[in-house]
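Observations on the three-dimensional arrangement
Read off the chains here:
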Amino acid sequence: MSGTLQVRDHLLNELETGVRTGEALIRKIRPEDWSFRPQDNFRSLLELVHHFVLIPASDLAIMQEKSEGEVGSIETSLSGVEDPERLATTFRQNFEAYKAYILSLSEDDYLNRSTKAFYMEHGHLQVQWQIETVTHVFHHRSQIYNYLKQLGHEVNFFMLYA
């Protein structure tokens, strides 16, 4: 296996860690937690979790040059869903679809195929989009962890890498 594909797989493994530990965080959420908002200008926990769960699906749609409307439909697809188990399962399914796409790319496409998001002037290479997705997941996983800490949940640093 080439070094490029090894890096691709390392990034997928890192993303899977974010998904697995994110699922564990989501499963800790109680019904009374959903409306928690640390400040008026922050998302509620429910809004944050919906966004988090949809990252693999919306980022995949963006890197496949889907329209603003198509991405918007994905981003509202969980409206009204508050069941932690359903949200965790959806997160896993979105990750698996994202992973299948990344693995379907030839090495040349992975390194050299550029796609442009509807909101950008210039495109990004598929490898750049993958890095963006990994950082996006970890950014919001951290936020959820902090929200749960503020709500008094038993969470600790070690569970982020279990």
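Please refer to the structure placed before this passage.
Residues numbered from 1 in each chain as written. Predicted model: local features only at pLDDT ≥ 70, side-chain atom pairs only at ≥ 80, totals over all residues. Heavy atoms only, no water.

Quick notes on unusual backbone geometry
Of note, the phi angle at E65 is positive, near 60 degrees, even though the residue is not glycine. Examined against the element boundaries, E65 turns out to sit in the loop between α2 (45-63) and α3 (68-75). Given the relative accessible area of 45%, E65 is considered partly exposed. (Helix = DSSP H or I, 4+ residues; strand = E, 2+ residues; numbered from the N terminus. Buried < 20%, exposed > 50% of the residue type's maximum accessible area, 1.4 Å probe, protein only.)

Let's talk about a nonpolar patch on the surface
On the surface, F157, F158 and Y161 cluster together to form a nonpolar patch covering roughly 400 Å² of accessible area. For F157, the position within the fold is in the segment after α6 (126-150). (Patch = residues over 30% accessible without salt bridge, like charges linked within 9 Å, V, L, I, M, F, W, Y side chains within 5 Å. Areas by Shrake-Rupley, 256 points an atom, 1.4 Å probe, with all protein chains shown as cover. Salt bridge = Lys/Arg side-chain N within 4 Å of Asp/Glu carboxyl O.)

Quick word on the packing of aromatic side chains
Summed over all chains, the structure comprises five aromatic pairs. Ring geometry for F118 versus Y119: centroids 5.1 Å apart, planes at 90 degrees, classification edge-to-face. For F118, a relative accessible area of 35% translates into the label partly exposed. Their ring planes at 75 degrees and their centres at 5.9 Å tell us that F157 and F158 sit as a pair that is edge-to-face. (Phe/Tyr/Trp six-rings, centres within 6.5 Å; stacked < 30°, edge-to-face > 60°.)

Description of the pattern of salt bridges
Under the criterion given, the structure shown has nine salt bridges. Close ionic contact of E47 with R37 constitutes a salt bridge, the shortest N to O distance being 3.3 Å. Of this pair, E47 sits in helix α2 while R37 is found in the loop between α1 (3-27) and α2, placing the two residues 10 residues apart along the sequence. Under the relative-accessibility criterion, E47 is labelled partly exposed at 39%. As a salt-bridge pair, E96 and R92 come within 3.7 Å of each other at their nearest N and O atoms. Placement of the pair is E96 and R92 together in helix α4 (residues 84-104), with a separation of four residues, close to one helical turn.

Considering the environment of I74
Relative to the elements of secondary structure, I74 occurs in helix α3. With 60 residues separating them in the primary sequence, I74 and V134 have C-alpha atoms 19 Å apart. Among residues more than four places away in sequence, those in contact with I74 are L54, A57, S58 and A61. (Contact = heavy atoms within 4.5 Å.)

Quick notes on the packing of α4 against α6
The geometry of α4 relative to α6 is characterised by a closest axis approach of 12 Å and an angle of 160 degrees between their N-to-C directions. Here α4 lies roughly antiparallel to α6, going by the angle between them. The handedness of the crossing between α4 and α6 comes out as left-handed. For the pair α4 and α6, contact is made by F91, Y98, Y101 and I102 and by Q126, W129, Q130, T133 and V137, respectively. Here the residues of the contact of α4 with α6 are counted per class, giving six nonpolar, three polar and no charged. (Axes fitted to C-alpha atoms, helices over the stretch in contact; angles between N-to-C directions. Parallel < 35°, antiparallel > 145°, perpendicular 65-115°, else oblique. Left-handed = near helix turned anticlockwise from the far one by under 90°. Nonpolar A, V, L, I, M, F, W, Y, C, P; charged D, E, K, R; others polar.)

Quick notes on α4
Each turn of an α-helix holds 3.6 residues, which means side chains three or four residues apart point in the same direction. Between its first and last C-alpha atoms α4 spans 30 Å; for 21 residues at 1.5 Å apiece the expected length is 30 Å, and the two agree. Every buried residue belonging to α4 is among P84, L87, A88, T90, F91, N94, F95, Y98, Y101 and I102, and all of these are buried. Across the axial projection of α4, the buried residues extend over an arc of 160 degrees, all falling on one side. (Expected span 1.5 Å × (residues − 1). Arc of directions from axis to C-beta.)

A word on the packing of α1 against α4
Two numbers describe how α1 lies on α4: the axes approach to 9 Å, and their chain directions differ by 175 degrees. It follows from the interaxial angle that α1 and α4 lie roughly antiparallel. Every residue of α4 that contacts α1 at R8, D9, L12, L15, E16, G18, V19, R20, G22, E23, I26 and R27 is listed here: P84, E85, L87, A88, F91, R92, F95, Y98, K99, I102 and L103. Partitioning the contact of α1 with α4 into residue classes produces 12 nonpolar, two polar and nine charged.

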